[in-house]
Amino acid sequence: MPHSLTAIRRWFSACPLALDALLAAVVLALIIVGALHPSNGPNALPPADLGITEIALAVAASAALVARRVAPAAVLAITAALTLAHIIAAGGDPRVPIALSAAVALYTVASRTDRHTTWRVALVTVGVLTGAMMLFGDRPWYADENLGVFAWTGMAAAIGDAVRSRRAVVDAIRDRAERAERTRESEALRRVAEERMRIARELHDVVAHHIALVNVQAGVASHVMDARPDQAKEALAHVREASRAALEELRATVGLLRQSGDPAAPKEPAPGLGVLDQLVDGFVRAGLPVSVEVLTPGRLLAAGDADQEARAAEVGAGLPTALDLTAYRVLQEALTNVQKHAGAGARAVVRVERRAGELELTVLDDGRGAAGGELAGGHGLMGMRERAAALGGSCVAGVREDGRPGFQVRVTLPLEGAEMAGDAR
């Protein structure tokens with residue numbers, strides 16, 4: 001039985017004209033039944049003698065309801081005119097309730113227009129039909145039949161307005177739900193894109209840095225293999241160490257993509273300024289002389305001091321995780337670009353300066369190549385800019401500002417914005 005009702009409802013939804021035709025037939029039947037079987041009250045009228053005129057008016061008024069969805073205002077005008085014609089012709093006789101068709105048409109208009117239009121049309125329709133009943137009838141103006149016309153037409157307008165309001169609320173809720181679903185999907189896609197970009201930057205920095213070291217050490221080993229086997233063996237040891245470090249960092253980065261049921265990801269902390277000494281030592285062993293300068297409020301530690309990397313570790317100890325990792329990756333990428341593009345015999349200087357509210361990182365070299373990486377067709381400088389922008393900072397790269405030959409990269413990271421970004425992550 002429920003399946004049959006569902007099928008019937010779907011059929012009427014697909015064929016609204018058939019539903020309106022059925023409604024017109026029901027209204028005609030109610031008009032005829034109301035004329036032949038009036039109420040049994042003490043003041044009730046006897047059954048009406050249906051003539052050709054009454055039947056023709058009832059059929060015409062009911063048939064007009066078939067087009068109520070197509071032209072609701074025209075149908076209301078036709079049914080109201082036919083009802084008014086019957087009231088005038090019958091002398092206000094209410095025994096043939098043709099006004100029922102006008103009530104249905106008024107409901108349709110109210111359910112499909114705005115509230116202001118609904119009540120204007122309702123007042124005109126109710127006033128005309130009720131006034132005609134009072135004017136042309138032979139009963140007092142307060143007769144039950146007159147008040148019945150007033151009540152039924154007014155109720156039809158009120159029900160139509162309520163249906164229209166409910167439909168508007170349902171549509172608004174549906175639109176809001178659809179909009180929220182679209183917003184949620186776009187937000188999820190945006191987060192996925194950001195996460196992919198972040199992982200791509202991590203992979204680029206890790207692979208570019210360690211592969212550059214492996215390439216340099218492999219070249220050294222190949223060059224001195226016959227003449228100086230001990231130095232070649234040492235270079236190969238450096239190649240093995242650099243490749244092992246690259247695998248470990250790749251494993252840690254790919255571990256971010258693990259699902260909840262996968263084995264536990266590596267628990268090593270993310271690299272930061274605390275391991276700057278290891279980063280510098282790797283480049284020094286690869287043949288790139290690197291010196292570090294650390295400037296903090298109240299003290300300058302110049303290049304060549306014994307505890308320069310330790311001071312850098314102290315600076316990184318108080319930084320948010322996101323900023324500490326970004327600082328390490330920026331220095332790693334900048335030194336990798338110096339190693340790849342600055343040319344033979346180049347030297348690099350790393351400056352770490354912490355001021356009130358910001359951290360500034362500068363990498364200088366005295367080479368003749370395009371150490372920026374981007375000038376050589378790579379994406380190193382782009383990645384550094386993206387990392388800095390993610391924390392609200394900036395990255396400037398170009399020739400050295402002191403006029404000396406070489407290239408410089410300067411990254412400024414705000415501490416306050418990094419704290420908020422770190423919390424968000």
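All chains use their own residue numbering, which begins from 1 and follows the written sequence. Predicted model: local features are reported for residues with pLDDT of at least 70 only, side-chain atom pairs are reported and counted for 80 or more only, and whole-chain, interface and lining totals are derived from all residues. Note that the side-chain values use all heavy atoms of the structure and ignore hydrogens as well as water.

Engineer: Talk me through the nonpolar core; I want residue IDs and the actual numbers.
Structural biologist: As used in this record, nonpolar core signifies buried Ala, Val, Leu, Ile, Met, Phe, Trp, Tyr and Cys residues forming a set joined through side-chain atoms within 4.5 Å. Here the term buried applies to any residue with accessible area under 20% of the maximum for its type, exposed to any over 50%, and partly exposed to those in between, with areas from a 1.4 Å probe on protein chains only. Grouped together as the largest cluster of nonpolar side chains are 43 residues, with contacts concentrated most on Leu273, Val290, Leu331, Leu335, Val350, Val352 and Leu359. Whether two residues touch is decided by their heavy atoms; if any such pair falls within 4.5 Å, the residues are in contact. If near-sequence neighbours (up to four positions away) are discounted, leucine 335 is found in contact with Leu279, Phe283, Leu288, Val290, Ala348, Val350 and Val363. Of all hydrophobic cores here, the second largest spans 18 residues; its members include Ala24, Ala58, Ala122 and Ala157.

Engineer: Tell me about the environment of tyrosine 107, and name the residues and values.
Structural biologist: Secondary structure counts use DSSP, requiring at least four H or I residues in a row for a helix and at least two E residues in a row for a strand, with both numbered from the N terminus. Mapping tyrosine 107 onto the fold places it in helix α5 (residues 99–112). For the pair tyrosine 107 and valine 163, spaced 56 residues apart in sequence, the C-alpha separation works out to 9.3 Å. What tyrosine 107 contacts, discounting residues up to four positions off in sequence, is Ala156, Ile159, Gly160 and Val163.

Engineer: Please set out the packing of helix α4 (residues 72–90) against helix α6 (residues 115–136) residue by residue, giving values where relevant.
Structural biologist: The convention used is that axes are lines fitted to C-alpha atoms, helices contributing only their stretch in contact, and that angles between N-to-C directions extend from 0 to 180 degrees. It is the contact of α4 with α6, at a shortest axis distance of 9 Å, that shows an interaxial angle of 10°. What the angle tells us is that α4 and α6 run roughly parallel. When α4 is examined against α6, the residues Leu76, Ala80, Thr83, Leu84, Ile87 and Ile88 are found in contact with a partner set consisting of Val121, Thr125, Val128, Leu129, Ala132, Met133 and Phe136. Any residue outside Ala, Val, Leu, Ile, Met, Phe, Trp, Tyr, Cys, Pro, Asp, Glu, Lys and Arg is labelled polar, Gly included; the first ten of those are nonpolar and the last four are charged. Looking at side-chain class alone, the contact of α4 with α6 contains 11 nonpolar, 2 polar and no charged residues. Orientation is classified from the angle alone, with under 35 degrees giving roughly parallel, over 145 giving roughly antiparallel, 65 to 115 giving roughly perpendicular, and any other angle giving oblique.

Engineer: Give a detailed account of the environment of alanine 397, specifying residues and quantitative values.
Structural biologist: You can see alanine 397 is positioned in strand β5 (residues 394–399). A residue is classified by how much of its surface remains accessible, and alanine 397, at 24% relative accessible area, is partly exposed. Residues alanine 397 and methionine 384, spaced 13 residues apart in sequence, show a C-alpha to C-alpha distance of 9.9 Å. In this structure alanine 397 touches Leu381, Phe407, Gln408 and Val409, once residues within four positions along its chain are discounted.

Engineer: How would you summarise helix α3 (residues 52–64) if you had to cite specific residues and measurements?
Structural biologist: Along its 13 residues, α3 runs 18 Å from first to last C-alpha, staying within 8% of the 18 Å computed at 1.5 Å per residue. In the core, the buried residues of α3 are packed alongside α2 (16–36), α4 and α5. Here the expected length of a helix is defined as 1.5 Å per residue gap, with one fewer gap than residues.

Engineer: Run through the pattern of salt bridges, naming residues and quoting values.
Structural biologist: Side chains that differ in sign of charge can pair as their charged atoms come close. The salt bridge definition used is simple: a Lys or Arg side-chain nitrogen within 4 Å of an Asp or Glu carboxyl oxygen. Counting across every chain of the model gives 17 salt bridges. Taking the shortest distance from any N to any O, the salt bridge between arginine 355 and glutamate 353 comes out at 3.2 Å. Arginine 355 sits in the partly exposed class, given a relative accessible area of 29%. Put simply, aspartate 402 and arginine 400 hold a salt bridge, and the shortest N to O gap is 2.9 Å. Look at aspartate 402 and you get partly exposed, because its relative accessible area is 46%. Through salt bridges with shared partners, a single ionic network connects Glu353, Arg355, Glu358, Glu360, Glu401 and Arg410.

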